[in-house]
Amino acid sequence: MRVLSVNVGTPHPNPWKRLPATGIDKRPVEGPVAVTAAGPKGTGEVGLAGDRAHDVKHHGGTDQAVYAYAREDLDRWAAELDRPLPNGVFGENLTTEGLDVNGALIGERWRIGPDVVLEVSAPRTPCVTFEGWLGEPGWIERFIAAAVPGPYLRVIEPGDVRAGDPIAIVHRPDHDVSVALALRALTREPELLPRLAPAGDALHAETRALLRRRTQPS
């Protein structure tokens, strides 16, 4: 299990949300990249140096500091879409190899290289920017149906990451709340939301708030 590439965004016009820019245009960079804990959501801060979120309402912050996607899933999409999909094209900060990113559990921790520890917090949910960026009509529903969203991660221990760094799973929680399950519960299958509760405080703050609203007596 390793990092194939570390990808940092270049601001790109965002006509799909009528915002000045989007950071989805991420491309591989050479050498080490500093990873630090992001500030609160709403500031645009993310985990990788040189990157930022521009749609601050929906992206960035502590629980969405880093986004990872598997090269294996990119390859499957490339075959289905009949087009090349280079590392970073889905807006991921880390393109991985050999790691089941969608079977990862909420609260699972990865050590990347000698220093960095990240914790899985949430699935990526697709938006109109993602669909517009790829230029694939119906992409949002197609991506959700496939249930291979890749995880957002929070930064537990900062440090540097670089292409080629090994990835080790250093903690795997005692529950079955996977990234794929969380996506299903948060999108097409809300009846699954109660199944997310065992992940507890490791859930994204917004997911925890949603669960509280759904479980409070009326």
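In what follows, the structure referred to is the one given above.
Attention here is on the structure that accompanies the text. (Residues numbered from 1 in each chain as written. Predicted model: local features only at pLDDT ≥ 70, side-chain atom pairs only at ≥ 80, totals over all residues. Heavy atoms only, no water.)

### Things to note about the pattern of salt bridges
In step 1: Taken as a whole and assessed by the stated rule, the structure comprises 17 salt bridges.
In step 2: Between E141 and R188 there is a salt bridge, with the nearest N and O atoms lying 3.4 Å from each other. Pair noted here: E141 is in helix α3 (residues 139-146) and R188 is in the loop between α4 (179-186) and α5 (205-215), with a separation of 47 residues, a long-range link.
In step 3: For R184, the salt bridge identified is with E189, shortest N-O distance 2.8 Å. (Salt bridge = Lys/Arg side-chain N within 4 Å of Asp/Glu carboxyl O. Helix = DSSP H or I, 4+ residues; strand = E, 2+ residues; numbered from the N terminus.)

### Notes on the pairing of strand β3 (residues 19-22)
In step 1: Direction of pairing for strand β2 (residues 12-14) relative to β3: antiparallel, over a ladder of two bridges. Opposite H12, over in β3, you have T22 as the bridge partner.
In step 2: In this antiparallel pair of consecutive strands, β2 and β3, the connection spans four residues, and R18 shows a positive phi of 55°. (Pairing = 2+ DSSP bridges.)

### Description of the packing of helix α1 (residues 71-81) against α3
In step 1: Packing of α1 against α3 leaves a shortest axis separation of 13 Å and a crossing angle of 130°. When the axes of α1 and α3 are compared, the pair comes out oblique. α1 and α3 meet at a crossing whose hand is right-handed. On α3, the residues that touch W77, E80 and L81 of α1 are W139, R142, F143 and A146.
In step 2: Tallied by class, residues from the contact of α1 with α3 come to five nonpolar, no polar and two charged. (Axes fitted to C-alpha atoms, helices over the stretch in contact; angles between N-to-C directions. Parallel < 35°, antiparallel > 145°, perpendicular 65-115°, else oblique. Left-handed = near helix turned anticlockwise from the far one by under 90°. Contact = heavy atoms within 4.5 Å. Nonpolar A, V, L, I, M, F, W, Y, C, P; charged D, E, K, R; others polar.)

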